[in-house]
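Observations on the three-dimensional arrangement
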Amino acid sequence: MSSLVINASGDCKNAGFDLIQDRIETLSSKMDKLIHIQEKVLSRLDGMSQEIDDIEQDMEHLMVDKEEIHLPPKMMNQTQVVGREVREICHEMSTIMSVVNRRSEQQAQKLEGMEKLVLSMQQVISFIGETVKSSKVIERMFKGPAARKAKSKDNKGKQTIKKLEKPNQIRNFYTINWQEVLGGGRFGQVHKCVENSSGLTLAAKIIKARNQKEKDMVKNEIQVMNNLDHANLIQLYAAYESRNDIILVLEYVGGGELFDRIIDENYKLMELDAVVFIKQICEGLQYMHKMSVLHLDLKPENILCVNRITNRIKIIDFGLARIYKPREKLKVNFGTPEFLAPEIVNYDFVSFNTDMWSLGVITYMLLSGLCPFLGDDDNETLNNILACQWNFEEQEFIDTSEEAKDFIRRLLVVNRSWRMGACEAMRHPWLSDPVLHHRLHTKVKYHCHFYITE
Ligand code: PIT
């Protein structure tokens, strides 16, 4: 790859891109094949599990049959012939059973071998996926115009605030759909909009900012967003300022809030879904923390699903985000108290691990639909947070893995320096162990099967 002279003549550049595209296509067809083989192996595994189940059932039947054939001693005394026959049958059965046993052991060994094969294939596939995903070339080739424009050389991805001189001047640049409020209006007014010059669908957040103090707060948000560029964080496309408003033009995502998936009774969120969601939030946090940015308002409403099909998410609302300053205390009156870390409730110093507390609360909620600290009123909720009063006693946690519980236990810790950081959380088995993920995947399948056949 390094021999490619990207900045040389156009022809060479195109040839380079063609070559890379060819390679990517070959890679992607290889991945397709791998995935196909993996599916085949998985379906064979299913078949074998079924066979083992059948064998086990047969064995149980045989045991029952054998017990039934044992005649009461009184009768055996009466007819010695029957006794001999029974003994013969029993002998025959125990021979059959030992053969069956041996067969099922062999099957179990085969099954284990195939499981190992599937797991290593999974690792290969995810390795290839990660390599392709992180490739700069892919970024150039496949990222949408929004991302490319945001990264254009003249502004290096940073959005300067453009002044709007006349009211409604924004109409010259964007057609805002005032009827369509995105996200239920929880974070002010966010509307779907289309950029007139490109036809690109975006989201416009209109923030009332009448005085300098309010404007400075929004400018802080813009400054923070300008420093962030990550697949799991919503991107800022442009920013405009008029006399009374600041308009943030943001990347559009249409899958709704993660919060809605938690409360949607028709959508059964499985533990593996929670792993997928939390891993992405954690990746976003890991990046933000690496860039010295604290989010400080992480909650399910601020996590958006990219679409309704996949489980990809983006973190939004950087209204309270800030560059980390050691020993900074936060004197902000936050809205919903359920997600606040103890140090915020106490007006104590905030740090990267303040976000990790919120990650613990979100994980707990994704797995159970319950809020760990929610009391009858805000006061009780705040007291529960300060006393770190929470547990896994609810029946919603019956099927939850020990790894998931351990993950939460390491985040919902009052002392922020004892909590896991984002890197450590990424390495925790709940997010990183493919064997566990496979187990959860199998559980999902059986659960779905159970749902269908019930
Ligand atoms: C979308 C779709 C949607 C909501 C949003 C964007 C909102 C994003 C947002 C971003 C912020 C913020 C508040 C909201 O402070 O349903 O594409 O930085």
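Calculation rules
Residues numbered from 1 in each chain as written. Predicted model: local features only at pLDDT ≥ 70, side-chain atom pairs only at ≥ 80, totals over all residues. Heavy atoms only, no water. UniProt positions renumbered as here; feature names shortened; annotations may be inferred. Pairing = 2+ DSSP bridges. Helix = DSSP H or I, 4+ residues; strand = E, 2+ residues; numbered from the N terminus. Axes fitted to C-alpha atoms, helices over the stretch in contact; angles between N-to-C directions. Contact = heavy atoms within 4.5 Å. Salt bridge = Lys/Arg side-chain N within 4 Å of Asp/Glu carboxyl O. Buried < 20%, exposed > 50% of the residue type's maximum accessible area, 1.4 Å probe, protein only.

Within an unreviewed UniProt entry, the label attached to the chain reads Myosin light chain kinase family member 4, and the organism entered is Nothobranchius furzeri. Its UniProt record gives the chain a comment under Sequence similarities (unreviewed entry), which states: "Belongs to the protein kinase superfamily. CAMK Ser/Thr protein kinase family."

**Things to note about the sheet that holds strand β4 (residues 201-208)**
With respect to topology, six strands assemble into an open sheet ordered β1-β5-β6-β4-β3-β2, the strand pairing being mixed. Edge positions in the sheet fall to β1 (161-163) and β2 (174-181), since each of these pairs with one other strand and no more. Across this sheet, the average inter-strand angle for adjacent strands is 30 degrees, counted without regard to direction. Where strand β5 (residues 236-241) meets strand β6 (residues 245-251), five bridges bridge the pair, whose relative direction is antiparallel. Each residue of the ladder has a partner; that of Glu 241, found in β6, is Ile 246. Of the strands in this sheet, β1, β4, β5 and β6 touch helix α6 (residues 212-226), which is tilted by about 20 degrees from β6.

**Considerations on the pattern of salt bridges**
Tallied over the full model, the rule gives 11 salt bridges. With a closest N to O distance of 3.1 Å, Lys 314 and Glu 251 form a salt bridge. Highlighted residues: Lys 314 in strand β9 (residues 313-315) and Glu 251 in strand β6, separated in sequence by 63 residues. Relative accessible area serves as the criterion here: at 9%, Lys 314 is assigned to the buried category. In this structure, the salt-bridge partner of Asp 406 is Arg 410, at a minimum N-O distance of 2.6 Å. Look at Asp 406 and you get partly exposed, because its relative accessible area is 23%. Judged by relative accessible area, Arg 410 falls into the partly exposed class, the value being 40%.

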